[in-house]
Amino acid sequence: MRLHKSTLRRTAADLKRLVTGTITHVSVSEPVAALTFDDGPDAEHTPRLLSLLDRFGAAATFFMIGEAAEKNPCVVEMVASAGHAVGNHSWDHPSFPQISLGEQWRQLRKCERALAPHGQKLFRPPFGHQTAQSRLLAWGMGYQVVTWSLVAADWLDNEAEWMADHVEKEMRPGSIVLFHDSLRPVLNPRYGDRGRTLKAVELVLSRLGDQFQFVTVPQLLARGRAQKKDWQVEGKPEFFAQLREPDGGQWRYASATRMSGRLN
Ligand SMILES: [Zn+2]
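Summary of the structure given here. (Residues numbered from 1 in each chain as written. Predicted model: local features only at pLDDT ≥ 70, side-chain atom pairs only at ≥ 80, totals over all residues. Heavy atoms only, no water.)

The next subject is the overall build of the protein. If you tally the helices and strands in the protein, you get 11 helices and 10 strands. Expected size for 264 residues packed as a compact globule is a radius of gyration near 18 Å; at 18 Å, the protein falls within 12% of this value. Projected onto the principal axes, the alpha-carbon positions of the protein cover approximately 60 × 50 × 35 Å. Expressed as a percentage of its 264 residues, the buried residues of the protein come to 50%. In the protein, 79% of the contacts between residues at least 6 apart in sequence involve partners at least 24 apart. Counting only carbon and sulfur atoms, one obtains 52% of the accessible surface of the protein, whose full area is about 12,500 Å². In the protein, 33 positive and 29 negative side-chain charges are present, and the distance between their average locations comes to 10 Å. (Helix = DSSP H or I, 4+ residues; strand = E, 2+ residues; numbered from the N terminus. Rg over C-alpha atoms; globule rule 2.2 N^0.38 Å. Buried < 20%, exposed > 50% of the residue type's maximum accessible area, 1.4 Å probe, protein only. Contact = heavy atoms within 4.5 Å. Areas by Shrake-Rupley, 256 points an atom, 1.4 Å probe, with all protein chains shown as cover. Lys, Arg positive; Asp, Glu negative; His and termini not counted. Charge placed at Lys NZ, Arg CZ, Asp CG, Glu CD.)

Have a look at this one:
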């Protein structure tokens, strides 16, 4: 049998997607979509968000930071017992391409322990930063890697109304939408305030609640076919240099990357 060049190219593309392919949305025939919340749990904002979701009968997915989960085990429990999905967002939010493979493994494992018994085998890479190597590691540890197809850009200085308008306009059946119920690290400590995100979510649910059913990522995956994208994204040194801890101090991994010579 002779293999045509086009067949080989297709096979190579399939293999590449297997290695670096990451779920961004789901092909569905019904009006269902998934809201996701990263960087929590937060003792104040996550419970407020839970009441909001409950009021609109919406389910969501929370990609939690292990360190925050360990500090707020009752909130993790509340999220899971309300029927939402809990996923892994690393132990303390480093950019995976900036740390060693061994450290990446420890980040995933330590977060997994903090989320037990509620965590599901879903991983969202911090900042969405991923290499083929870190993608393979997550696969080897049994994780599905889930990013997003729509962002509210709630890590910036955006007004609730603007975020809600944008999400309303771009929402499609099968969308996976990125929000943050906590924010860490921050580009500016002022952006850490989650009041605007909660307001935006309330507006989205009140405007779209009749048109869409909001479900968890596993429920969405069960309703259709996962759509994957070749997702290899690495952060730039200028971006890391701007990041701050929520209290305004320098981001802990900024100095680590600087020491390794990646930042000047
Ligand atoms: Zn994050």
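Bringing the coordination of the zinc ion into the picture now. Protein coordination of the zinc ion is provided by D39 (OD), H89 (NE2) and H93 (NE2), with donor distances spanning 2.1 Å. Mapping the donors of the zinc ion onto the primary sequence gives the spacing D-x49-H-x3-H. Of this pair, D39 sits in the loop between β2 (32-38) and α2 (45-55) while H89 is found in the loop between β4 (85-88) and α5 (101-115), placing the two residues 50 residues apart along the sequence. Looking at D39, the relative accessible area reads 4%, which means it is buried. (Donors = N, O, S within 2.8 Å, 3.2 Å for Na, K, Ca; no water.)

It is worth spelling out the nonpolar core at this point. In summary, soluble globular proteins display a tendency toward joint burial of nonpolar side chains. Among the nonpolar cores identified, the biggest contains 36 residues, and L35, F37, F62, M171, F179 and F214 are the most heavily contacted of them. Elements represented by at least two residues in this core include exactly β2, α2, β3 (60-64), α4 (73-81), α5, α7 (160-170), β8 (176-180) and α8 (195-208). Per-element accounting of this core gives the leading share, seven residues, to α8. Discounting chain neighbours no more than four positions away, the residues touching M171 are A33, L35, L150, V177, V204, L208, F212 and F214. Judged by nonpolar contacts, the second largest core, of 14 residues, contains L108, L137, Y143 and V145. (Core = buried A, V, L, I, M, F, W, Y, C linked by side-chain atoms within 4.5 Å.)

To continue, consider the environment of G66. As for its placement among the helices and strands, G66 is situated in helix α3 (residues 66-71). Residue class for G66 comes out buried when judged on its relative accessible area of 0%. Taking the C-alpha atoms as reference points, G66 and R113, separated by 47 residues in sequence, lie 7.9 Å from one another. If we ignore the near neighbours within four places in the chain, the residues touching G66 are S90, W91, C111 and A114.

The next subject is the pairing of strand β5 (residues 119-123). Two faces belong to every sheet, and in a regular strand the side chains alternate between them. Pairing of β4 with β5 involves two bridges; the strand directions are parallel. Residue pairing for β5: N88 is matched across the bridge by F123. Once you follow β4 into α5 and on to β5, the crossover reads as right-handed. As paired strands, β5 and strand β6 (residues 144-145) are joined by two bridges and run parallel to one another. Along β6, the bridge assignment pairs L122 with Q144. Running through helix α6 (residues 132-140), the crossover from β5 to the neighbouring parallel element β6 is right-handed. (Pairing = 2+ DSSP bridges. Right-handed = clockwise from strand over helix to strand, strands pointing away.)

Among the structural elements, T36 can be located in strand β2. Residue contacts for T36: discarding those within four places in its chain leaves T61, F63, R124, I176, V177, L178, F179 and V217.

A few words now on the pattern of salt bridges. Following the criterion strictly, the structure yields 20 salt bridges and no others. In this structure, the salt-bridge partner of R124 is D38, at a minimum N-O distance of 2.9 Å. With R124 in the loop between β5 and α6 and D38 in strand β2, this residue pair connects regions lying 86 residues apart in the sequence. Of the charged contacts in the structure, one is a salt bridge between D165 and R207, with a shortest N-O distance of 2.9 Å. Of this pair, D165 sits in helix α7 while R207 sits in helix α8, placing them 42 residues apart in sequence. The class of R207 is partly exposed, set by a relative accessible area of 24%. Taken together, the shared-partner salt bridges in this structure form one network comprising E67, D92, R184, E245 and R252. (Salt bridge = Lys/Arg side-chain N within 4 Å of Asp/Glu carboxyl O.)

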